[in-house]
Every structure is written in C-alpha cells, then in structure tokens.
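One-letter residues, chain by chain:
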Amino acid sequence: MIFNDAAFAWLIAAIGIMLSSLLICVSRGGVLSAFLAICIVGALRFRIAEAGRSVLLAVLIGVPLATMLIWVGFNLQESRLSMLTESDRYSTDGRWHLWEAALVSVPQFLWFGSGGETYQFWETIHHAGDVSWNQSDMYSLRADNEFLDVLSEYGLVGLVGLSLMAAAVCVQSFRSSRQSGLAAGGAIGLLAVLMHSMVDFGLRVPATGVMALVVTMLLCSQTPRTPGNRSSKHSLTRKKQPRSSGVPAYAQLAASGSTPKSISYVQWTLLAVVVVTIAFSSIRIRRRYFEAENARRSAQEHIENLAYDEALSTMEHAVTVIPEDALMRMEAVRVAEYVRDHFQSQRQKNAATKMIVDHSQVLMQQCPLDWKAYTWRAQHDSTLDPASQLAFIRKARSLHPGQPDLAYLAGKLELAQGSIETALPHWQESLSVSRKHLPQICQMMQGRLSTEQWTNELLPEDPVVTFATATELPSPLRESILERTLTLLANPDRLSRKPSPGQWDALRGETLAELKQYDRGIAMMRRGINEQPDNIDWRLKLATWCLREQRLEEAVREIRIALTLEPDNRKASELQKIVSQEKARLQSPQTATPE
C-alpha cells in the first residue's frame, strides 16, 4: 500500500495541515495566489500517463485538508474568502486608492524615485474623495503592491531591477518544477509569493523575505535532469585518486606551477573581509539606534516625573546620536511641544519653542514631503510675518489635503488676512473630514454669511455635517440648514459618505423631529431601527419623541427593549422614570373644582 512508507504518509498530512492553515487565515490574496501557483505548476508537470497518480495525490491531500477544516469548524461562506465571488468588492476596494497614490510621484521622480519609506507621504498627498477613507490620524506605509511600491520609492531603475529578479525566479521555477516533487513545491511557494506581492507587501515582512530567499537558493541548487545525468549509484561513486606519499600537497601544487587554490584563497579572504566589515558596521549602527531608543524612553519617563528640562536634553541627545533619522527628530519636536503646552515656566517654554523651530528647519530639508515640519515652523517661529506663516501652511496643506486641523488653521490665517472667501474652501474641506472644529467655525461665521454661502460655500454636501451645523445655529438659519439636510438625503446616491444600515432613515427622522414634525420623524426612525435593531441611541430618541407626543405605550416599549439590550443604561432608566411619572399623572383622578 501507498501508506507503507511512513515518510510519505507524514508528508501528505503536513501538506494537508499547511493548506488548511492557509484557508483558515482567510487571506484572500494568499489563497488565490496559492491556488494559481498550484494550477501553473500542476499544468507544467501534468502527463497523461501519470493522470491517475495525480488524481490520487489530490485525493490524499484533500482528505486531511477537509478533516482539519471540519475539526476547527471553518465555514467558507461566512469567512472573508466569500468576498472573492462578490464582484462589487473589487470596484470599491481600498487598494485602488493606494495604487493611485503610488503613481502620483512617478512623473516627478521618474528614474530613481522619491526615496525609501516615502510612500506614506504620497498616500497623504493623494486625497481620497470617500469621507470614510480620510482619517487624519491614520496613513498607509505600503501600497499593497510590491512593484508599485518600488516604482514610487526607487523609480524605473528599481522597478526594472525588481522585474528582472522576478523574471529570473519565474524562469527557474518553470525549469525546475518538472525535476522532482521538492522542486515543484519550491516553485509553487515562490510563484505564490510573487503573485501575492502584486496585491500585498509580503516580501517586506522579514520572515516572508528570508523564507523566499532560502527557497530560491534551494531551487537554484537543484541539479538539472539530463539523459546523461541520472541518479544512480555509478554517478555518485568517485574513483579514489592516488596520493603521493611523503610529499605535502602544497609542495606538489608549487611544483606544478598552478595557482587556482591560491586564487581561491584570495577570493575567500576578500569575502571574509567584506562580511566582517558589514557585520561591524551593522553592529555599530544598531548600537547607535539602540542608544537613541533608550534616550527616547528615558525622556518619556522624565515627562511622567515632571522633569521637563531633563526630557528636553535627553531627546536632544537622541537626535545627536542618530541625526539622519527624521522620525526621531519628529519625536523630539513632539516632546518639546508637550513641554511648551503644559503650563511650564517661561524659560522652559522658550527653550522648547527654540527646539521646535530648529528641528523644523532641519526637517524641511531632511524630509521635504512631510507636512508637519512646515506646520510647526508656521505655528512656533515668531520671526515669521503673517504672509510667511500662511505660505508655510499652504505648503503643508498641499502635502496633506485631508488633515482637518491643518485646514482649519489655514482658514483662520486666511480670515486674519481679511479674506472670508479664501477661508471658506479650507473650512469646507476640514468639515468634510471631521466635525471637530464645527463649533468654532459656526461661532466665527454667525452673522457674516448669507444662507446661500452657508449651504453652497462653507458646508460640504454631507447631511451628517449639515445636521450637526443646524444644531449650532439659531433660527431662521437653523431651519434652512435642516431643509438642506433633507434635500441631500433625498439623493443618497450622490453622497460620498457610505452610511451604516438605516443611518439615512434615522437621520431623516432626527431632522424632521428638529423641524417639529414628530409623527413623520417617528415613522422614519422606526425604519432606521428596523435596519439596525440593536442601536440603543436611536431607540431612546424614538422614546423621547413618543413621550412628547403622548404615545406612552410606544415609549415604554422602546425603553424596555433598550434596557434589555443594555440593563445598566442610565439614560434609559431616567427616561423610564419620566414616562412612569407621566402615566401616573394622566391616570390620577381630576381634582374637583370647588363651587
């Protein structure tokens, strides 16, 4: 029987476990890449005469695979792998935005790219239109495509080099896949990693990169199978060479006048010198970074202990140890900002401000694609006039259009220059990403804008923002903004924000309730709750409106459901008391009027 070979049986079990682990990890790109790699190598190795053996191997591998999936309770339909069959997922996938951002830098840095680890800046420069994508405190370090990543950071030269290496791996995989099962397995692994690199950044993970390198070396070391080179005992045996007795080998070599071993010794010596030099250089560099990291941690401890002078000096030492590291310099600026803004003495504030300005000037030269250095310089350099401050902020905005704090600051500086018209676009972009600065903007603009300017120039076409703005404004402007909210909700397909289930119906209900149309608001809120029945906030709002309209039984029902979902909800408990008091008041006998 085929399982009489214990090594073969354990190999089949190992392959089944590895494939089941791949499926359970629910990596869509990994599963698809592995499937395509298996199909390619299988097609290269397929022979009609061995069709039965191939089917038998597939069955033998499928049995432990299915057993493992059943044992862990894996459900394919309920996992992320089911998304592979949904065509709509591909058109809305976030990778399209990441890939577009990677191509932004190509025209400006065509040949050699913008430099290593600079993709994160291009991702912030390329502003996405989707509101849900723009997160000011989050950014992508990778383009989820190794080839586009290299094109962005190292230009066409880097892309050509990577493509040549990938082509060499493919050629070697195709040639070696027919030689043996071991070579076929290596070819499957390399092809899978290579294809997965087109939709992810697997090779940037050290473990994946090292494993791919080891498999490539093993694959290249496979001896090509030729008719004259077959594995046999005769090919493995070598004739023993007679040795000259009494004469050392180096003497025979010198007498013969040949020097191949001497050349080999020179080559190995040079290689050893190079390896030792690289090792010592790496150790020295790592030692400097280790010292700087220890200094950074010490600075954090000094801040916790309120030793701010020591924190500033420690961060200065960290930057001095590794002056080429822009990230450490940015960390020093953040520490100085913290010291400056947390009620310290004037001397400490002046020292922190000087530290911020000095490092910002270096960062503008060291990392010109980072927007933070321009912002720090504009905010803290007292030698700049208002026009220069505005110029720095505009430069920072061009590097990060989706940063709401930066857009708000730009609008304030534009307003300080006396131009409301130029301030409104900045504030509109700030509100399209975040409502953080909405109260301040409303306070500054009350009485200075017409209704048309509010709805068309300041507020974005986002019903969530317009509704929140209406709650900050007095009548009759408030009612106009609410009507604008209903107009936007009437055309949900034109909105850039992607709603949660029932969100638009619930927002219609809230808007109608603000307009005192409670009956219609209650009906719309019920539609939203039907889409999201576990939303307690919506149920409590609905109960409040029902209480106002004296629909007490409906209010009691919604409160009970809310308390069932969250028994410790304080707001629901207080509302329940109010409803109980109102029911008791209505049920109490009327006091007789004395004659």
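Residues numbered from 1 in each chain as written. Predicted model: local features only at pLDDT ≥ 70, side-chain atom pairs only at ≥ 80, totals over all residues. Heavy atoms only, no water.

Section: the overall build of the protein chain
Looking only at helices and strands, the protein chain has 28 helices and 0 strands in total. When each of the 595 residues of the protein chain is scored for burial, the buried share is 39%. Summing over all exposed atoms, the protein chain offers an accessible surface of approximately 35700 Å²; the carbon and sulfur share of this is 59%. (Helix = DSSP H or I, 4+ residues; strand = E, 2+ residues; numbered from the N terminus. Buried < 20%, exposed > 50% of the residue type's maximum accessible area, 1.4 Å probe, protein only. Areas by Shrake-Rupley, 256 points an atom, 1.4 Å probe, with all protein chains shown as cover.)

Thoughts on the side chain of Asn535
With respect to the helices and strands, Asn535 occurs in the loop between helix H25 (518-531) and helix H26 (536-548). A polar contact of 3.1 Å, which involves the side chain of Asn535, links it to the side chain of Gln532. In this structure the side chain of Asn535 is engaged in a polar contact, spanning 3.1 Å, whose partner is the backbone nitrogen of Trp538. (Polar contact = N/O pair within 3.5 Å; in protein donor to acceptor, adjacent residues only side chain to side chain.)

What about the environment of Gln172?
Summarising the element assignment, Gln172 is placed in helix H7 (residues 146-176). Placed 44 residues apart in sequence, Gln172 and Thr216 show a C-alpha to C-alpha distance of 8.8 Å.

Brief notes about the pattern of salt bridges
Between side chains of opposite charge, pairing is possible as soon as their charged atoms come close. One pass over the structure, following the stated rule, counts 28 salt bridges. Two residues, Asp462 and Arg497, come together in a salt bridge whose shortest N-O distance is 2.6 Å. A residue pair is termed long-range when its members are at least 10 positions apart, and Asp462 in the loop between helix H21 (451-458) and helix H22 (463-470) and Arg497 in the loop between helix H23 (477-489) and helix H24 (503-514) qualify at 35 residues. Residue classification places Asp462 among the buried residues on the basis of a relative accessible area of 4%. Overall, Arg497 belongs to the partly exposed group, its relative accessible area being 21%. Connected via shared salt-bridge partners are Asp519, Arg526, Arg539, Arg551, Glu554, Arg557 and Glu558. (Salt bridge = Lys/Arg side-chain N within 4 Å of Asp/Glu carboxyl O.)

Considerations on H24
Counted at 1.5 Å a residue, the expected span for H24 with its 12 residues is 16 Å, and the 16 Å between its end C-alpha atoms agrees. Here H24 lies mainly inside the structure; 10 of its 12 residues are buried. The inward-facing, buried residues of H24 abut H22, H23, H25 and H26. Downstream of H24 by one or two residues, Lys516 has phi in the positive range, about 70 degrees. (Expected span 1.5 Å × (residues − 1). Contact = heavy atoms within 4.5 Å.)

Some thoughts on helix H13 (residues 308-321)
In this model, H13 (14 residues) spans 20 Å end to end at C-alpha, consistent with the 20 Å of a helix rising 1.5 Å per residue. Residues of H13 that are buried include every one of Tyr308, Ala311, Leu312, Thr314, Met315, Ala318, Val319 and Val321, and no others.

Re the nonpolar core
Core analysis: the largest hydrophobic core is formed by 45 residues, its most contacted members being Met315, Met328, Leu363 and Ile393. For this core, the secondary structure elements donating two or more residues are helix H6 (119-125), helix H12 (260-304), H13, helix H14 (326-341), helix H15 (346-366), helix H16 (372-380), helix H17 (386-399) and helix H18 (404-416). The element that contributes the greatest number of residues to this core is H14, accounting for 8 residues. When neighbours within four sequence positions are excluded, Leu363 is seen to be in contact with Ala326, Arg329, Met330, Val333, Pro368, Ala373 and Trp376. (Core = buried A, V, L, I, M, F, W, Y, C linked by side-chain atoms within 4.5 Å.)

Examining the packing of helix H5 (residues 95-104) against H7
Each pair of packed helices can be described by the angle between their axes along with the distance between the axes. The interhelical angle for the contact between H5 and H7, taken along N-to-C directions, is 25 degrees, at an axis separation of 8 Å. Classified by the interaxial angle, the pair formed by H5 and H7 is roughly parallel. The crossing of H5 and H7 is left-handed. Contact residues: H5 offers Trp99, Ala102 and Leu103, while H7 offers Leu148, Leu151 and Ser152. Tallied by class, the residues present in the contact of H5 with H7 amount to 5 nonpolar, 1 polar and no charged. (Axes fitted to C-alpha atoms, helices over the stretch in contact; angles between N-to-C directions. Parallel < 35°, antiparallel > 145°, perpendicular 65-115°, else oblique. Left-handed = near helix turned anticlockwise from the far one by under 90°. Nonpolar A, V, L, I, M, F, W, Y, C, P; charged D, E, K, R; others polar.)

So, a nonpolar patch on the surface
A cluster of nonpolar side chains, namely Leu110, Trp111, Phe112 and Val157, defines an oily patch on the protein surface of about 450 Å² accessible area. On the secondary structure map, Val157 appears in helix H7. Assessed through its relative accessible area of 44%, Val157 is described here as partly exposed. (Patch = residues over 30% accessible without salt bridge, like charges linked within 9 Å, V, L, I, M, F, W, Y side chains within 5 Å.)

Here we look at the confidence of the model for the protein chain
Here the protein chain shows a mean pLDDT of 79. Residues at 70 or above account for 77%. Note that pLDDT drops below 50 for residues 257-261; the model gives that stretch 2 contacts with residues more than four away or on any other chain. Of the regions scoring below 50 in pLDDT, residues 591-595 engages in 0 contacts with residues more than four places distant in sequence or in other chains. (pLDDT = per-residue confidence, 0-100.)

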